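Structural features, examined
So the chains spell out like this:
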Protein chains: 2
Amino acid sequence: MSRRERARLRREEIILIAAELFAERGYRGTSLADVAARAGITEPGLLHHFGNKAGLLLAVIERRDLDSEAFAMELFGMEPADRLRALPEFARRNKHRAGLAKLFTVLVAESLEPDAPGHDHFVARYRALRAIVADIIRSAQEAGLTRDGLDPEAKAAEIIATLDGLQTQWLLDPEAVDIVAAVESYARTLERDLTGS
Amino acid sequence: MSRRERARLRREEIILIAAELFAERGYRGTSLADVAARAGITEPGLLHHFGNKAGLLLAVIERRDLDSEAFAMELFGMEPADRLRALPEFARRNKHRAGLAKLFTVLVAESLEPDAPGHDHFVARYRALRAIVADIIRSAQEAGLTRDGLDPEAKAAEIIATLDGLQTQWLLDPEAVDIVAAVESYARTLERDLTGS
DNA sequence: CTTAACTTACTTAGTGCTCGGTAAGTGAGT
DNA sequence: ACTCACTTACCGAGCACTAAGTAAGTTAAG
């Protein structure tokens, strides 16, 4: 294994650790010292890899995007009729990676202000996500699977909102909210809504 | 004006300032010095009123709850059939108080971890909120206004999730998301869903 | 009605600690 | 000879919070 390669692996390892800590305590609530300690490296060692704290954040975000892109591709590969059924499966999968979900929720909230370090990224991300879901809805429309009077953009925002919101309620209070059951129930709601049955 | 009264007003003033800052930068991102400077008081002066930083947070949260309780009472005072129409009005009102909405989103995200200072409060709040919405749905059921097979608890979580999620998307990217239109559209979705029409 | 005792809303000064970041190496790998 | 993934040592700034005092307002005894 070359030195370059080993460094890349180390970087990857640090990113996973940072993601975990950012999820637990937020970006602002996590210090470089926290990350360094858990990664078994010194603070300047960290900064050698990522330049500064914001650089570490961006690396974490980028890494998470790779994961969710994989899911989007998976969705696109399915038959339109099967896509709704994929939602609960997605929830089921996410349930065992609560940290990742928490990371996302926490970072979005910390990025609401326009000058926050991750702001532009999340704005772009949500726009892209809405466009993807709207496209999926449009393709279902073209296949004649949907009721009339369906606005793909509006419905896309609504679907993403519901899934996000349910996830937040679950993360806050996992005992009271069964995320898999909730998403299953919503998938049925959505099917009725989209088909107009 | 008595001394007590003047102190209460000062406290109230500080709470509003702190709420604004917490919304912009989060609880963790806001220092007592920030709040003190904007309130025209010293840090120990702040602590005199609130004991410690978490005390200030709780005071801010309590204050916000008073506001939203008022809305809940308003909802309860309406005819069941009119309640759906109140949602867009609520969104319209909130639009001009984006700070308050942001505060809530940011604080919930910062409270996801069980040992966060506001955690228990938000857990209790969401449970209560779901119960209130479920009650409203149940009363609509008893009035014979709804379709069969409607689970009030699940639907309550779903409604709250959607409204929260739309709000987050709007706060992140107000140019791309028209919150009033989105909530109006969702109110129509919801009406179709609840009545089964 | 006066005044002494008490309460309270603060201030000044300073605590120890943590923060993100830098300068200047070091030592192994290429 | 050079690169580069680090380390040690350090920095000034900011953090939440405390100790001790002050001055104004309130209460109660004489």
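Report on the accompanying structure. These numbers were taken from a predicted model, which means no experiment stands behind them.

**Considering the overall build of chain A**
- Broken down by element type, chain A carries 9 helices and 0 strands.
- Each principal axis of the C-alpha distribution contributes one length, and for chain A these read about 60 × 40 × 35 Å.
- Relative to its full complement of 197 residues, chain A shows a buried share of 33%.
- Considering only residue pairs separated by 6 or more positions, chain A has 60% of its internal contacts joining residues 24 or more positions apart.

**Thoughts on the environment of Leu 150 of chain B**
Residue and element names in this part refer to chain B.
- Position of Leu 150 among the secondary structure elements: in the loop between helix 7 (119-142) and helix 8 (152-172).
- For the pair Leu 150 and Ile 137, spaced 13 residues apart in the sequence, the C-alpha separation amounts to 8.9 Å.
- When residues no more than four places from it in sequence are discounted, the contact partners of Leu 150 are Ile 137, Gln 141, Lys 155 and Leu 194.

**Regarding the interface of chain B and chain A**
- Counting residues at the interface gives 39 residues for chain B and 39 residues for chain A.
- For the side of chain B that touches chain A, the elements supplying multiple residues, two or more each, are helix 6 (98-110), helix 7, helix 8 and helix 9 (179-195) of chain B.
- In terms of residue count, the dominant contributor to the side of chain B that touches chain A is helix 8 of chain B (13 residues).
- Considering only residue class, the side of chain B that touches chain A consists of 18 nonpolar, 9 polar and 12 charged.

**Topic: the protein's contact with DNA strand C**
- In the vicinity of DNA strand C lie 20 residues, with Ser 31, Pro 44 and Asn 52 of chain A together with Thr 42 and Gly 45 of chain B positioned nearest.
- Sorting the residues of the surface near DNA strand C by element identifies helix 2 (32-39) and helix 3 (43-50) of chain A together with helix 1 (3-25) and helix 3 (43-50) of chain B as the ones contributing at least two each.
- With 4 residues, helix 1 of chain B is the single largest residue contributor to the surface near DNA strand C.
- When the residues that make up the surface near DNA strand C are grouped by side-chain class, the tally is 7 nonpolar, 6 polar and 7 charged.

**With respect to the packing of helix 2 of chain A against helix 3 of chain A**
All names here are of chain A.
- One way to put it is that helix 2 packs onto helix 3 with a least axis distance of 8 Å and a crossing angle of 100 degrees. Here helix 2 lies roughly perpendicular to helix 3, going by the angle between them. Residues Leu 32, Ala 33, Val 35 and Ala 36 of helix 2 lie in contact with helix 3, whose contacting residues are Glu 43, Gly 45 and Leu 46.
- Of the residues belonging to the contact of helix 2 with helix 3, the class tally is 5 nonpolar, 1 polar and 1 charged.

**A closer look at the environment of Arg 125 of chain B**
Residues and elements named next belong to chain B.
- Tracing the chain through its elements places Arg 125 in helix 7.
- On the basis of neighbour count, Arg 125 is assigned to the buried category, with 20 C-beta atoms found within 10 Å.
- Considering only alpha carbons, one finds Arg 125 and Asp 65, 60 residues apart in sequence, at a separation of 8.9 Å.

**Thoughts on the relation of the copies chain B and chain A**
- With an axial shift of 0.0 Å and an RMSD of 0.1 Å, the rotation relating chain B to chain A amounts to 180 degrees. One copy is carried onto the other by what is essentially a two-fold rotation axis. For chain B, the residue whose C-alpha comes nearest the rotation axis is Thr 162 of chain B, separated from it by 2.0 Å.
- The residues that chain B uses at the interface reappear at the interface of chain A in 100% of cases, marking a shared surface.

**A look at helix 4 (residues 53-76) of chain A**
Residue and element names in this part refer to chain A.
- Over its 24 residues, helix 4 runs 35 Å from end to end, which matches the ideal 34 Å to within 8%, given 1.5 Å per residue.
- Those residues of helix 4 that fall on the buried side of the exposure criterion are Leu 56, Leu 57, Val 60 and Ile 61.
- Looking at the buried side of helix 4, the elements it contacts are helix 1 (3-29), helix 3, helix 6 (98-110) and helix 7 (119-142).

**Here's the deal with the packing of helix 8 (residues 152-172) of chain A against helix 9 (residues 179-195) of chain A**
Residues and elements named next belong to chain A.
- Between helix 8 and helix 9, the least distance of the axes is 10 Å, while the angle of their chain directions is 160 degrees. Considered as vectors, helix 8 and helix 9 are oriented roughly antiparallel to each other. Remark: the crossing between helix 8 and helix 9 carries right-handed chirality. Between helix 8, through Ile 159, Thr 162, Leu 163, Leu 166, Gln 167 and Trp 170, and helix 9, the contact on the second element is made entirely by Ile 179, Ala 182, Val 183, Tyr 186 and Leu 190.

**Points about the protein's contact with DNA strand D**
- Around DNA strand D, the surrounding shell holds 19 residues, and the nearest of these are Thr 42 and Gly 45 of chain A together with Ser 31, Asn 52 and Lys 53 of chain B.
- Elements with a contribution of two residues or more to the surface near DNA strand D: helix 1 and helix 3 of chain A together with helix 2 (32-39) and helix 3 of chain B.
- If you tally residues by element for the surface near DNA strand D, the top one is helix 1 of chain A, at 4 residues.
- The residue makeup of the surface near DNA strand D, split by class, is 7 nonpolar, 6 polar and 6 charged.

**Considering the nonpolar core**
- Within the largest apolar cluster, 94 residues are counted, with the highest numbers of intra-cluster contacts made by Ala 18, Phe 22 and Leu 166 of chain A together with Ala 18, Phe 22 and Leu 166 of chain B.
- Excluding anything up to four places from it in sequence, Phe 22 of chain B contacts Tyr 27, Thr 30, Val 60, Leu 103, Val 106 and Leu 107 of chain B.

**Quick notes on the environment of Leu 56 of chain A**
- Tracing the sequence through the fold places Leu 56 of chain A in helix 4.
- Distance from Leu 56 of chain A to Tyr 27 of chain A, taken between C-alpha atoms, is 9.8 Å for residues 29 residues apart in sequence.

Thresholds, definitions, all that
Residues numbered from 1 in each chain as written. Chains lettered and ligands numbered in written order. Predicted model: local features only at pLDDT ≥ 70, side-chain atom pairs only at ≥ 80, totals over all residues. Helix = DSSP H or I, 4+ residues; strand = E, 2+ residues; numbered from the N terminus. Buried ≥ 20, exposed ≤ 12 C-beta atoms within 10 Å, placed from the backbone. Contact = placed C-beta atoms within 7 Å. Nonpolar A, V, L, I, M, F, W, Y, C, P; charged D, E, K, R; others polar. Near = placed C-beta within 6 Å. Axes fitted to C-alpha atoms, helices over the stretch in contact; angles between N-to-C directions. Parallel < 35°, antiparallel > 145°, perpendicular 65-115°, else oblique. Least-squares fit on C-alpha atoms with pLDDT ≥ 70 in both. Expected span 1.5 Å × (residues − 1). Left-handed = near helix turned anticlockwise from the far one by under 90°. Core = buried A, V, L, I, M, F, W, Y, C linked by C-beta atoms within 7 Å.

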